[in-house]
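Secondary and tertiary structure notes
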Amino acid sequence: DKVMVKGMSSFMYPFPMSIWTGIYKKSFLTQYGIRFRESPGASFQDNGFWLKTVAAADRMMFISRSVYRYRQDNPDASIRSTDKMYAMTEEYDDAVWWLRNNGFAGDANIANYYRMRELRVTYYRIEDALKEKFAGEIRKLADESKQAITKITSLTNNIQYTTNSTVMATEEGS
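Residues numbered from 1 in each chain as written. Predicted model: local features only at pLDDT ≥ 70, side-chain atom pairs only at ≥ 80, totals over all residues. Heavy atoms only, no water.

**Some details on the environment of leucine 29**
The criterion, for reference: Only runs of H or I of at least four residues qualify as helices and only runs of E of at least two qualify as strands under DSSP, and these elements are numbered from the N terminus. Residues count as neighbours in contact if any of their non-hydrogen atoms are within 4.5 Å of one another.
Structurally, leucine 29 can be placed in helix α2 (residues 26-32). Between the C-alpha atom of leucine 29 and that of alanine 57, which follows or precedes it by 28 residues, the distance is 9.6 Å. Non-local contacts of leucine 29, meaning those with residues more than four positions away in its chain, are made with Tyr24, Ile34, Phe49 and Thr53.

**Re the nonpolar core**
Short version of the rule: Note on terminology: a nonpolar core comprises buried Ala, Val, Leu, Ile, Met, Phe, Trp, Tyr and Cys residues joined through side-chain atoms within 4.5 Å. Between buried and exposed lies partly exposed: a residue is buried under 20% and exposed over 50% of the maximum accessible area for its type, with that area taken using a 1.4 Å probe on protein chains only.
In terms of nonpolar packing, the biggest core is built from 31 residues, with Ile34, Leu51 and Leu99 touching the most fellow members. Where this core is concerned, the elements lending two or more residues are α2, α3 (45-56), β2 (59-62), α4 (87-101), α5 (105-125) and α6 (128-173). The biggest single contributor to this core is α4, with seven residues. What isoleucine 34 contacts, discounting residues up to four positions off in sequence, is Phe28, Leu29, Phe49, Lys52, Thr53, Ala56 and Trp98.

**Some thoughts on the packing of aromatic side chains**
This is how it is decided: By convention, a stacked pair of Phe, Tyr or Trp rings (six-membered ring in the case of Trp) has centres within 6.5 Å and planes under 30 degrees apart, an edge-to-face pair has planes over 60 apart, and any other such pair is tilted.
The tally for this structure, following the rule as stated, stands at seven aromatic pairs. On the basis of an interplanar angle of 75 degrees and a centroid distance of 5.3 Å, the ring pair of tyrosine 113 and tyrosine 114 is categorised as edge-to-face. Accessibility expressed as a relative area gives 52% for tyrosine 113, which makes it exposed. Three or more aromatic residues link up through ring pairs in this structure, and these residues are Phe28, Tyr32, Trp98 and Phe104.

**Focus on the pattern of salt bridges**
Under the convention used in this document: Salt-bridge detection follows one rule: a side-chain nitrogen of Lys or Arg within 4 Å of a carboxyl oxygen of Asp or Glu.
All chains considered together, the criterion is met by seven salt bridges. Between arginine 37 and glutamate 91 there is a salt bridge, with its nearest N and O atoms 3.3 Å apart. Taken as a pair, arginine 37 in the loop between α2 and α3 and glutamate 91 in helix α4 lie far apart in primary sequence, 54 residues in all. For the pair arginine 37 and glutamate 91, one class covers both residues: buried. Connected through salt bridges with shared partners, the residues Arg37, Glu90 and Glu91 form a single ionic network.

**Examining α3**
Quick reminder of the rule: A helix is expected to span 1.5 Å multiplied by its residue count minus one.
With twelve residues, α3 should cover 16 Å at 1.5 Å per step; its first-to-last C-alpha distance of 17 Å lies within 8% of that length. With twelve of its twelve residues buried, α3 lies for the most part within the structure. Within α3, the full set of buried residues consists of Gln45, Asp46, Asn47, Gly48, Phe49, Trp50, Leu51, Lys52, Thr53, Val54, Ala55 and Ala56.

**Comments concerning the packing of α4 against α5**
The criterion, for reference: Only the stretch in contact is used when a helix axis is fitted, and all axes are lines through C-alpha atoms; the angle between N-to-C directions ranges over 0 to 180 degrees. Comment on the angle field: the value is read as roughly parallel under 35 degrees, roughly antiparallel over 145, roughly perpendicular from 65 to 115, and oblique elsewhere. The residue classification treats Ala, Val, Leu, Ile, Met, Phe, Trp, Tyr, Cys and Pro as nonpolar and Asp, Glu, Lys and Arg as charged. All others, Gly included, are polar.
Close contact between α4 and α5 brings their axes to 8 Å; oriented N to C, the two are set at 175 degrees. Taken together, the axes of α4 and α5 lie roughly antiparallel to each other. Residue-level inspection shows Met88, Thr89, Tyr92, Asp93, Val96, Leu99 and Arg100 of α4 in contact with α5, the latter providing Ala105, Asp107, Ala108, Asn109, Ala111, Asn112, Tyr114, Arg115, Glu118, Leu119 and Thr122. Looking at side-chain class alone, the contact of α4 with α5 contains nine nonpolar, four polar and five charged residues.

These figures come from the coordinates and say nothing about function on their own.
What follows is the structure, encoded as structure tokens:
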């Protein structure tokens, strides 16, 4: 058994990303406005819920004793449905938006990592006839990520240049 405290979220993310692995205080969920996003068949809701709760929690306790059993024998489960292959992407869009708008921007970057990982899993589980189209969606997200990195790098370089210029001007003026 282990208690994890705020600031260790990047360490907590590798634990199972499933809502059924935890018990949550209603007051905590209400305080942070954490809710399940409506989706067809409740598809992939555990992903967004997990990302939000890990980011917002001051502490979490992981116990080694199993108190709940999750069945995965439903042939209509989201993980097996090609009809729901975009539901996961929509769940991550919502989670990343929530993280960025609730003061957890660093966790949004972690969420994007998990998004790409889950996209890969989805790609391998869908029918072959859908793979080319789905791969195009993955490429589009990757291109958007590259553009964001370019913008962030440019902004960081501008901030660094401005900071260095200010420091030099101050040193010359003293």
